[in-house]
Amino acid sequence: VQLQASGGGLVQAGGSLRLSCAASGGTFSSYVMGWFRQAPGKEREFVAAISRGGASTYYSDSVKGRFTISRDNAKNTVYLQMNSLKPEDTAVYYCAASRAYGSSSYYRLPAYDYWGQGTQVTVSS
């Protein structure tokens, strides 16, 4: 599976961005999809995940209520709508695909089998 993330950019605090991740080369609907981020000097961290059919979503506490993950299986694409952005949201954002089962695993990096190249999000204060 190949993943291509896009939609990053520079935005002021309080603004919004929508990230997209297009998948190819596999059966998109068979994967749990996730978004992770990595700020300079920090470890990559979980942001959000969505179940195969899209009925269930999972968020880190730091983005809950501000970010929304969604997917369109007909378009092989997963989205991350980011609202009320803060400077601490500045990071490279990665999409990832997982074959794992069990929601407790969706928060963990090792559960993901395929990764996109990342897209930079910069939030200015």
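This is a predicted model, so every value here is computed, not measured.

Draft legend 1. Region of interest: the state of the cysteines. The full count for this structure, using the stated rule, is 1 disulfide. Covalently, Cys21 is tied to Cys95 through a disulfide, its sulfur atoms 2.1 Å apart. For the disulfide bridge between Cys21 and Cys95, the dihedral angle about the S-S bond is near 60 degrees, and by the sign convention the bridge is right-handed. Of this pair, Cys21 sits in strand 3 (residues 17–24) while Cys95 sits in strand 9 (residues 91–98), and the two are 74 residues apart along the sequence. The pair formed by Cys21 and Cys95 is uniform in burial state, with each residue classed as buried.

Draft legend 2. How the structure looks around the packing of aromatic side chains. Per the stated rule, a full pass over the model turns up 8 aromatic pairs. Measuring from ring centre to ring centre gives 5.0 Å for Phe36 and Trp115, while their planes differ by 55 degrees; the resulting arrangement is tilted. Residue Phe36 is found in strand 4 (residues 32–38), and its partner Trp115 is found in strand 10 (residues 112–115); the two are separated by 79 residues along the sequence. With a relative accessible area of 29%, Trp115 lands in the partly exposed category. Taking the centre distance of 4.8 Å and the plane angle of 55 degrees together, the rings of Phe46 and Tyr107 count as tilted. Of this pair, Phe46 sits in strand 5 (residues 45–50) while Tyr107 sits in the loop between strand 9 and strand 10; the two residues are 61 residues apart in sequence, bridging distant segments of the chain.

Draft legend 3. Inspection of the side chain of Asp89 at higher detail. Looking at the element boundaries, Asp89 is found in the loop between strand 8 (77–82) and strand 9. One polar contact links Asp89 to Arg37, side chain to side chain, over a distance of 2.9 Å. For Asp89, the side chain forms a polar contact with the main-chain nitrogen of Lys86, separated by 2.8 Å.

Draft legend 4. Summary view of the pattern of salt bridges. Enumeration over the complete set of coordinates arrives at 5 salt bridges. Between Glu45 and Arg37 there is a salt bridge, and its shortest N-O distance comes to 2.7 Å. Residue Glu45 is classed as partly exposed on the basis of its relative accessible area of 34%. Across the salt bridge formed by Asp61 and Lys64, the nearest N and O atoms sit 3.4 Å from each other. Accessibility expressed as a relative area gives 67% for Asp61, which makes it exposed. Through salt bridges with shared partners, a single network forms among Arg37, Glu45, Arg66 and Asp89.

Here is what the cut-offs are and how they apply
Residues numbered from 1 in each chain as written. Predicted model: local features only at pLDDT ≥ 70, side-chain atom pairs only at ≥ 80, totals over all residues. Heavy atoms only, no water. Disulfide = S-S within 2.5 Å. Helix = DSSP H or I, 4+ residues; strand = E, 2+ residues; numbered from the N terminus. Buried < 20%, exposed > 50% of the residue type's maximum accessible area, 1.4 Å probe, protein only. Phe/Tyr/Trp six-rings, centres within 6.5 Å; stacked < 30°, edge-to-face > 60°. Polar contact = N/O pair within 3.5 Å; in protein donor to acceptor, adjacent residues only side chain to side chain. Salt bridge = Lys/Arg side-chain N within 4 Å of Asp/Glu carboxyl O.

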